[in-house]
2 protein chains.
Amino acid sequence: MAVDYATFELGDFTLQRGATLRGAKLAYKTFGELNAAKDNVIVYPTWYSGQHYDNEWLIGEGMALDPAKYFIIIPNMLGNGLSSSPSNTPEPYNASRFPKVTAYDNVRAQHKLVTELFGISHIRLVVGWSMGALQTFHWGAMYPDMMDLLAPFCGSAKCSRHNFVFLEGVKAALTADAAFLDGWYTDKPAKGLRAAARVYAGWGFSQAFYRAELDLTAMGYSSLEDFLVGFWEGFFLPKDANNLLTMLWTWQNGDISDNDLYKGDFQAALAAIKARTFVMPGQTDLYFPPEDSASEVAGMPNAELIPVPSIWGHFAGGPGTNPEDVRFLDRKLRELLAS
Amino acid sequence: MAVDYATFELGDFTLQRGATLRGAKLAYKTFGELNAAKDNVIVYPTWYSGQHYDNEWLIGEGMALDPAKYFIIIPNMLGNGLSSSPSNTPEPYNASRFPKVTAYDNVRAQHKLVTELFGISHIRLVVGWSMGALQTFHWGAMYPDMMDLLAPFCGSAKCSRHNFVFLEGVKAALTADAAFLDGWYTDKPAKGLRAAARVYAGWGFSQAFYRAELDLTAMGYSSLEDFLVGFWEGFFLPKDANNLLTMLWTWQNGDISDNDLYKGDFQAALAAIKARTFVMPGQTDLYFPPEDSASEVAGMPNAELIPVPSIWGHFAGGPGTNPEDVRFLDRKLRELLAS
């Protein structure tokens, strides 16, 4: 089968928690051309369960992320089914035995891609939604001299305790299905995937979204149950359960200071981020509430808090679901790139 | 085994959705003495999965709900394990075949208890937390001439769409466990109960609660995981799965207008509530957000919105978990009863 993306061989890639992924792969897609000065680079990591396809809504001619101007690299997160993941890694590190991967590991892999494959030493902008924002923050803290700008939206530099708990619920629902077989399923644990989807449904969109019935009017579902089955279960069912759990662990353990650079000093890691940063939480995001972003911005020397004025909850940030929010984000990214 | 509560025989009790519970039982407990004028009555329904024991924190000498002054009746909700429930109803309506019960059914049963057993024709106050608030609203709309005061806190007159979705997540997690056996389990579906508990954990308390680590400092758990196991799983595991699902259905289908009186006209039902009412949402409640209460108050002729200033989320309202919130509620109830 022809693929429309490329794969970078990471080789034997030793992870932060100790395992080595032999023959590790980083799938990526690029848009636009790298200019001669190699100074038109945008890195745009993927989000929880998303693949590079699911990032494309923010890229386009005439948009801030314009491939006519920029060389845009979308690296796929480890565990997302395209880069090395439980679902595509050969024995013995396959399936349930796929190792723990941190956001630090992801960004280190992406740094190898950017520097070794493309010979890029400077990045104009790193931008990302949700877990893409987590990776964006990691870029800023791990390679503070390497980029001009950061735009993490609807995400955090460290998984909050409440966010951790929300994810525990998703995980518990998924793994309550006996068909999950501790990760050694051959048939997918559909009941668990559907349950995880229903748990997620209350978190993904805000109370105000449901109150306004945007699932019906804006998204076109025929009933609330149709939205739960058609959108949410339909979203989770095609995904591999072990992949979802790998990325969930990455999310829960996200922390820009949990590494040798900062040794757990979260404030030091925030303070080290030099890039001009627009931190853009969704105003009604239930798991990345603006208060968390505000407290992170307070610790960053060059950051600005720009809440996305939206009742779409976490989906204020993506994946292109609400055109008005896309326009807002695009306008802010344009402003940031013009600076 | 001696019990510390009484049981009212409802006889053959035909439910709103068509089934008849033969030999239906309403368990209740009273505090204080009914005076000669029978005008010192407070009705105080229970909440989701709670039993009358779990309501006692708001009752006490010198408190607003003072048994030295008032005759306080706590009726146990149908499905809560003491009143007729899947777990205690004989065949054929036992277990998974226990019929759908509405809040309307519950309040009609409570009305029988109050009028037929005690000969009470007037109630001073109906008060309740969460699903107790749902029943409180129902009292106001179903028997608008019967009481002076209402105090629903952290609850609503109609289950919002978002609240419905949150409960879908809880239900999906519980029933994803194959041991649930479509409700015909003999051994309890412990994995499903634990999963439901973990889903609930993110909803019960607010983001700010977890941010402030009140699970550790105020509640004394030794870690977040200890809180999830010790408090949340410990809370759900002793409960019967079918009972939980019965009450969950009651909750999801709560609506003061869904009956012959109002025929679905929610605004008419709100407008019919004559009692002076303090509607007290928790300021940070994630499933009964203050916005929903505000819109209900706007439709009630004699209601006041009094948010509970607390970061305890839904638990701002009970069950007596945070002493400061208890004092706030008690003060407001005193004010209401003095009017």
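About the criteria used
- Residues numbered from 1 in each chain as written.
- Chains lettered and ligands numbered in written order.
- Predicted model: local features only at pLDDT ≥ 70, side-chain atom pairs only at ≥ 80, totals over all residues.
- Heavy atoms only, no water.
- Domains from an automatic or database assignment.
- Contact = heavy atoms within 4.5 Å.
- Buried area = accessible area lost by both parts, 1.4 Å probe.
- Salt bridge = Lys/Arg side-chain N within 4 Å of Asp/Glu carboxyl O.
- Polar contact = N/O pair within 3.5 Å; in protein donor to acceptor, adjacent residues only side chain to side chain.
- Nonpolar A, V, L, I, M, F, W, Y, C, P; charged D, E, K, R; others polar.
- Least-squares fit on C-alpha atoms with pLDDT ≥ 70 in both.
- Helix = DSSP H or I, 4+ residues; strand = E, 2+ residues; numbered from the N terminus.
- Buried < 20%, exposed > 50% of the residue type's maximum accessible area, 1.4 Å probe, protein only.
- Pairing = 2+ DSSP bridges.
- Expected span 1.5 Å × (residues − 1).
- UniProt positions renumbered as here; feature names shortened; annotations may be inferred.
- Axes fitted to C-alpha atoms, helices over the stretch in contact; angles between N-to-C directions.

The name recorded for chain A in an unreviewed UniProt entry is Homoserine O-acetyltransferase, from Chelatococcus reniformis.

Trainee: Outline the domain arrangement of chain A, supporting the account with residue identities and numerical values.
Mentor: Residue and element names in this part refer to chain A. When cut into domains, chain A gives domain 1 (6–160 + 255–337) and domain 2 (163–247). Facing 29 residues of domain 1, the contacting portion of domain 2 comprises 29 residues. Summed over both sides, the interface between domain 1 and domain 2 buries roughly 2500 Å², with carbon and sulfur atoms accounting for 68% of that surface. Ranking the residues of domain 1 by area buried against domain 2 places Tyr48, Leu286 and Tyr287 at the top, with a combined share of 28%. Where domain 1 touches domain 2, the interface holds zero salt bridges. Counting the contacts that link domain 1 with domain 2 gives nine residue pairs in polar contact (both at pLDDT 80 or more). Each residue belonging to the side of domain 1 that touches domain 2 can be placed in one class, and the counts come to 15 nonpolar, 13 polar and one charged.

Trainee: If you had to explain the relation of the copies chain B and chain A to someone new, which residues and values would you point to?
Mentor: The operation relating chain B to chain A is a screw motion whose rotation component is 180°, with 0.0 Å of axial translation and a residual RMSD of 0.0 Å. Both copies of the chain, as the preceding transformation shows, are related through a two-fold rotation axis. Judged by C-alpha distance, Ala173(B) is the residue of chain B that lies nearest the rotation axis, at 2.2 Å. The share of interface residues of chain B whose copies in chain A are also at the interface is 100%, consistent with both copies meeting through the same surface.

Trainee: Explain the interface of chain B and chain A to me, using residue names and the numbers behind them.
Mentor: Opposite the 33 residues of chain B that make contact, chain A presents 34 residues. Together, Arg161(B), His162(B) and Val165(B) form the three largest contributors to the area buried by chain B at its contact with chain A, with a combined 23%. The interface formed by chain B and chain A contains eight salt bridges. Residues Glu213(B) and Arg161(A) are paired through a salt bridge, measuring 3.9 Å at the closest nitrogen-oxygen approach. Scanning the region where chain B abuts chain A turns up twelve residue pairs in polar contact (both at pLDDT 80 or more). If one sorts the elements of the side of chain B that touches chain A by residue count, helix α3 (residues 161–175) of chain B sits on top with nine residues. Across the side of chain B that touches chain A, the residue classes break down as 17 nonpolar, six polar and ten charged.

Trainee: Could you give an account of the pairing of strand β5 (residues 123–129) of chain A, with specific residues and numbers?
Mentor: Residue and element names in this part refer to chain A. In terms of burial, β5 is largely enclosed, as seven of its seven residues are buried. Here two bridges tie strand β3 (residues 41–43) to β5, and the two strands are oriented parallel to one another. Its bridge partner being in β5, isoleucine 42 is matched across the sheet by leucine 125. Pairing of β5 with strand β6 (residues 147–153) involves six bridges; the strand directions are parallel.

Trainee: Pulling in residues and values, what's your account of helix α1 (residues 103–117) of chain B?
Mentor: All names here are of chain B. With 15 residues, α1 should reach 21 Å at 1.5 Å per residue; the first-to-last C-alpha distance of 20 Å fits that figure. Within the sequence span of α1, burial applies to Ala103, Tyr104, Asp105, Asn106, Val107, Ala109, Gln110, His111, Leu113 and Val114. Once α1 ends, the next one or two residues include glycine 119, with phi positive near 65°.

Trainee: Any chance you could break down the UniProt feature "domain: AB hydrolase-1" (unreviewed entry) in chain A for me, citing the residues and the numbers?
Mentor: In this numbering, the UniProt entry assigns the feature "domain: AB hydrolase-1" (unreviewed entry) to residues 63–302 of chain A. Structurally, residues 63–302 of chain A is divided into 45% helix and 10% strand, and its ends, taken at the C-alpha atoms, are 24 Å apart.

Trainee: Tell me what's going on with the sheet that holds strand β1 (residues 6–14) of chain A, and back it up with residues and numbers.
Mentor: All names here are of chain A. Here eight strands make up an open sheet; going across it, the order is β1-β2-β4-β3-β5-β6-β7-β8 and the pairing mixed. Two strands lie at the open edges of the sheet, namely β1 and β8 (303–305), each paired on one side alone. Neighbouring strand axes in the sheet, compared pairwise and without regard to direction, differ in orientation by 20° on average. The sheet contact formed by strand β2 (residues 20–31) and strand β4 (residues 71–75) spans four bridges and is antiparallel. In the strand pairing of β4, threonine 30 is matched with isoleucine 73. The sheet strands contacting helix α2 (residues 131–142) are β3, β5, β6 and β7 (276–279), and the helix crosses β5 at an angle near 150°.

Trainee: Go over the sheet that holds strand β6 (residues 147–153) of chain B, please, and point to the residues and values.
Mentor: Residues and elements named next belong to chain B. Across the sheet, which stays open at both edges, the eight strands sit in the order β1-β2-β4-β3-β5-β6-β7-β8 with mixed pairing between neighbours. Of all strands in the sheet, those with a lone pairing partner are β1 (6–14) and β8 (303–305), marking the two edges. Sheet twist, expressed as the average angle between the axes of neighbouring strands with direction ignored, equals 20°. Across seven bridges, the pairing between β1 and strand β2 (residues 20–31) is antiparallel. Bridged to phenylalanine 8 within β2 is leucine 26.

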